[in-house]
Structure formats: C-alpha cells, structure tokens
Amino acid sequence: MKPFSSFSDLSAALRSGETTCRQVVEFHLSKISEHNGRLNAFLEVFEQEALENADRIDEKIRSGQAGKLAGMVVGIKDVLVYKGHSSTAGSQILKGFESPYTGTAVDRLVREDAIIIGRQNCDEFAMGSSNENSSYGPAVNGIGQNRVPGGSSGGSAVGVQMEMCRVSLGTDTGGSVRQPASFCGVYGIKPTYSRVSRYGLIAYGSSFDCIGVFSRNTYDMAITLEVMAGKDPFDATSSSEPVPSYSAFGADGPKKTIGIVEETLTMEGIDPQVVKNTEDFIQKLEDRGHTIKKIHTPYLHEALPVYYILTTAEASTNLSRFDGVRYGTRSKDGVNLMEMYEKTRSEGFGAEVKRRIMLGTFVLSANYYDAYFTKAQRVRRLIKNDLKEKFKEVDFILNPTTPSPAFEIGEKTKNLLDLYLADIFTVQAPIGGFPALSIPFGNNREGLPLGIHIMADSFKEKELLDFSKNLEDIS
Ligand code: GLN
C-alpha cells in the first residue's frame, strides 16, 4: 500500500476505490509484526477483529454509508476500556479484567467507523515518564539507541511513530501525551480539561486526567479530537461548550503573539541542544511575522510539587477500589477479608503505584491535610490565575516540551526526582486545565527527536490546531 500522509488523502483513496480498509489494516498489522516484538508497544493486538471490521466498513464505503473515520486505524492506551476486551492499566492488579462497556471517547470513534487495532503499553496506572513502570515490561522508543519512549503513554507514541496504527489515544495527567510525543518525534495534543469525556478512562488524578491524541500530522489529530469531544451525560464534568470543526482548518490567519517562558530556556540542567533547537523554532516564527514576547512564569518550580501532591491525593482515593473483590485479580493467600485486601494490593500494585498511594494518603491525613493538600490547591489556583492573566497578552505560550531528549532505559530509575523533572514543562497546562500540544521539531546531534510545546487558553484547541497546521512545513 502506498503511504498516505494524512487521513484526508487516505479517506479520498478509500472512497474512490484506490485502496480498501482491509489493505490499510494489513499494512498496520505488518508494521506490528515487524516491530512489536522488539518495541513492546502493543500489549494485545485485535488482529482478527480488526480485519473483520475492515471488511464490514469496506462494505459500508461501497454503499455510501460509511462514517467519517472509516479507515482510521487506532491504538488505545491500556487505561481506556473497550467492551469485551481486557484493560489492565499496565498493572497486575487488573490482569484478566474484561470491560463490560466501552468508554465514550472510544465509542464515538467506533461509531464513526474507526478500527481499534489493539491496546497499548503504558506506565502502571499512568504513573511515570518513561514507560518503565509498566508491569508488562517497558515499551521501547523506535528510534533505537536503547531509549525510552517517554510516558506514561509510551506504547501509544511508539505505535504512531512506527506506523503500527494511524493514531493513538493516550491520556495526559501531567504530560503523558505531550512528553512521549516529543521523545518519539510525533504530534500529541492534550485538550482542555472536560473537553473529552473521561467515562471509561481508568482514573489516576480525576481533576487532571484528559484523553489526548498522537498522530503524524495535524489533520489526523484534529479530526480524531473533533469526533471524541463534547458533552457526555456519563461524565458530569464534561463541558457543553460547542465543539468546532477542528479539521476544517482556517487559512493562515492573523499573526499571533507568542509568549516565550524565559526560565525554560535558562534553567539549570536543561540540555543546550534543546535550548538551541527552541531558539531556531522561535526564529522561524519571527520570520513568519509572529510577535515574540518574553514572559516569566513565577511558579515554574512550584508546579511539580503541586502536581505530585494533588495527583497522589486523588490517586490514593481512586485506587482504593482495587481490592480484589470488584475487579481483576485476587490474592489466594488471605485467610480473612482484611488480609485478602492487603495481600491483593501488596501483590497487585507495583512500587511506584504504592509509593504514590502512600504519599497521597499522607497528604490527605487529618494532621497534614491543610499543610499539604489545601496549600497545594491554593497554589494550583495561583498558577492558573497567573496563566489566565498571561493569555490576555499572548495567544500562546511556548517552551520546549522536555528539558532533554529521550534518555536511556534504566538511566533515571535510580533517581526518581530526576525522572519527575522530565515533566517540568508539561505540568502547568493540566494544573490550569489548559489545552496544549507538542509539535515534533528538530533532532539533537545523535538524531533523537525534539519537541516544541504550545499552550493556549481554555477551549482554544481550534486556534492551536490551526497554528500547528500552518507550521507543518517548518516542522
Ligand atoms: N509523568 C507524570 C507522572 O508520572 C505524568 C503522568 C501522566 O500524565 N499520566 O505522573
């Protein structure tokens, strides 16, 4: 099959009969068999089912009945539930769990005739920045050189990077779509909090969690997001704000004012090649007539502690439901109910998840609640207000997506703080609930991909996507 760079070309070719959904699925399956044994991006491939769906949708195309995503082959992160299929959140505690229903985002794609090709590896319960916390072994970056793909949606990023699927659904709580997108040289968007229903997403930090998209171009990301987004009666926090047609791109509109967070280019520890690459990108924006404005985010260093206090607090309550009774596996050793709970959770959760449950329980405990949880909530508000103010002066806020390119597998597992720092530039957006995307741009000297992070005010996905589209020829 000839490669179709964007889904709109593929869609036209399907409708003209130049290719078929079966050929498209076979193409992605061949990429999976070529790469997945080595890269461990997919935990399960729905091979037979994807081929059957392809034949069914080919029939619909022939009779003019096909939905808008006919031929879109999608991989889904292992934290999204899909009826009749396993979802394990990368954890042993959910081994064997099969979902009795399909989450809204996946359901909306399937209703438009997208084909789900498999479920993708991730850090356990989406906690991690390198995919090394998956209890099913790490996913590996397709770039080689023994590099991590980023996390937590590492498998989803690699799936798109190596064309094992056309787009992937990941989730982003503190950077888990944007950071792996940057490490793997693909696009990744996290929409505004509440833009996409969380129904059917296995929760980590409920006031942060967002479903996002990985793709190889802006169009594919836009059309996927447009189908998933919108009010959902099953998620009370989902927004009823109308969903614009993201994939109907505007012409290169008025020039933008872009805020550059100065600290992100001068902070200690940032890779000089990342700085240089970001400066090159900024220069290109200036050449195109956009206005660049240096700005300061005074809370850059507070953002990480706020993120870790609040998300671990939310995780400690969200994960209390995994007790061996309601879902997944149960320890066989407990002699009474309490012991069964304890053993199930001790055996079922990995080290990082346990660490976060303990930290979260601590910050919520009566004696420390105000000192940690309440205080972090207050600082969250300060960060959000500060960014809101900035968006009165600038259209977008730009920085590198990550302070370094993809690191080596095992390089940061001994120093967790170092690992947490990989998210320093991505946590502000979910703290404020703002949409943001990572655009692939440039490589370091070893050929490792780098990314540019662009954040906008709430519900400005359309503006972000238009901007990204218009920059495709430079990225
Ligand atoms: N890497 C961050 C963490 O470990 C973000 C994870 C995410 O966005 N799910 O929590």
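Owing to the predicted nature of the structure, the values given are computational and were not obtained by experimental measurement. (Residues numbered from 1 in each chain as written. Predicted model: local features only at pLDDT ≥ 70, side-chain atom pairs only at ≥ 80, totals over all residues. Heavy atoms only, no water.)

(A) Representation of the pairing of strand S2 (residues 73-77) in the model. Within S2, 5 of the 5 residues are buried, leaving the element largely enclosed by the surrounding structure. Burial along S2 is two-sided: the face carrying Val73, Gly75 and Lys77 and the face carrying Val74 and Ile76 are both buried. Regarding the hand of the β-α-β motif, the stretch spanning S2, helix H4 (residues 104-111) and strand S3 (residues 115-120) is right-handed. Note that S2 and strand S4 (residues 167-172) share 3 bridges and pair parallel. Residue pairing in the sheet places isoleucine 76 in a bridge with leucine 169 of S4. (Buried < 20%, exposed > 50% of the residue type's maximum accessible area, 1.4 Å probe, protein only. Helix = DSSP H or I, 4+ residues; strand = E, 2+ residues; numbered from the N terminus. Right-handed = clockwise from strand over helix to strand, strands pointing away. Pairing = 2+ DSSP bridges.)

(B) Here's a closer look at the packing of aromatic side chains. One pass over the full model with this rule turns up 19 aromatic pairs. Measuring from ring centre to ring centre gives 5.7 Å for phenylalanine 183 and phenylalanine 407, while their planes differ by 90 degrees; the resulting arrangement is edge-to-face. On the criterion of sequence distance, the pair formed by phenylalanine 183 in helix H6 (residues 178-184) and phenylalanine 407 in the loop between strand S9 (396-400) and helix H14 (416-420) is long-range, its members being 224 residues apart. Each member of the pair, phenylalanine 183 together with phenylalanine 407, is buried. With a centroid separation of 4.9 Å and an interplanar angle of 70 degrees, the aromatic rings of phenylalanine 281 and phenylalanine 441 are classed as edge-to-face. Of this pair, phenylalanine 281 sits in helix H9 (residues 272-287) while phenylalanine 441 is found in strand S10 (residues 436-443), placing the two residues 160 residues apart along the sequence. Judged by its relative accessible area of 8%, phenylalanine 441 is buried. The structure contains a cluster of three or more aromatic residues connected by ring pairs, namely Phe97, Phe125, Phe322, Tyr327 and Phe349. (Phe/Tyr/Trp six-rings, centres within 6.5 Å; stacked < 30°, edge-to-face > 60°.)

(C) Representation of the sheet that holds strand S7 (residues 257-261). Read from one edge of the open sheet, 11 strands run S1-S3-S2-S4-S6-S5-S10-S11-S9-S7-S8, paired in mixed fashion. One side of each edge strand has no neighbouring strand; the edge strands of this open sheet are strand S1 (42-45) and strand S8 (291-295). Averaged over all adjacent pairs, the angle separating strand axes in this sheet is 30 degrees, with direction ignored. When S2 meets S3, the two strands line up parallel, connected through 5 bridges. Among the inter-strand pairings, valine 73 is bridged to a residue of S3, identified as isoleucine 115. Across the sheet, helix H2 (residues 21-39) is in contact with S1, S2 and S3; its angle to S3 comes to roughly 15 degrees. (Axes fitted to C-alpha atoms, helices over the stretch in contact; angles between N-to-C directions. Contact = heavy atoms within 4.5 Å.)

(D) Structural context of the pattern of salt bridges. Here the structure, examined in full by the defined rule, presents 24 salt bridges. Aspartate 280 is paired through a salt bridge with lysine 276; the nearest N and O atoms lie 2.9 Å apart. One end of the pair is aspartate 280 and the other is lysine 276, both in helix H9 and 4 residues apart, which spans about a single turn. What makes lysine 276 partly exposed here is its relative accessible area of 48%. Its salt-bridge partner being aspartate 323, residue arginine 326 comes within 3.1 Å of it at the nearest N-O pair. Judged by relative accessible area, which is 53%, arginine 326 ranks as exposed. Three or more residues joined by partner-sharing salt bridges are found here, namely Arg22, Glu26 and Asp55. (Salt bridge = Lys/Arg side-chain N within 4 Å of Asp/Glu carboxyl O.)

(E) Up close: the packing of helix H12 (residues 351-364) against helix H13 (residues 369-393). At their nearest, the axes of H12 and H13 sit 7 Å apart, and the two run at 105 degrees to each other. Between H12 and H13, the crossing angle belongs to the class labelled roughly perpendicular. Contacts between H12 and H13 involve Phe362, Val363 and Leu364 from the former and Tyr369, Tyr372 and Phe373 from the latter. Tallied by class, residues from the contact of H12 with H13 come to 6 nonpolar, no polar and no charged. (Parallel < 35°, antiparallel > 145°, perpendicular 65-115°, else oblique. Nonpolar A, V, L, I, M, F, W, Y, C, P; charged D, E, K, R; others polar.)

(F) Seen up close, the site of the ligand. As a matter of local geometry, the ligand sits amid 15 residues, with Thr173, Gly174, Ser176, Tyr307 and Asp423 nearest to it. Measuring from an oxygen atom of the ligand, one finds a backbone N or O atom of threonine 173 at 2.8 Å. Between a nitrogen atom of the ligand and a side-chain N or O atom of aspartate 423, the distance comes to 2.7 Å. Coverage of the ligand by the protein amounts to 100% of the 290 Å² it exposes when considered alone. Class assignment of the residues belonging to the shell around the ligand gives a composition of 5 nonpolar, 7 polar and 3 charged. (Near = heavy atom within 4 Å. Polar contact = N/O pair within 3.5 Å; in protein donor to acceptor, adjacent residues only side chain to side chain. Areas by Shrake-Rupley, 256 points an atom, 1.4 Å probe, with all protein chains shown as cover.)

In short, the description is geometric, and any link to function would need to be established separately.
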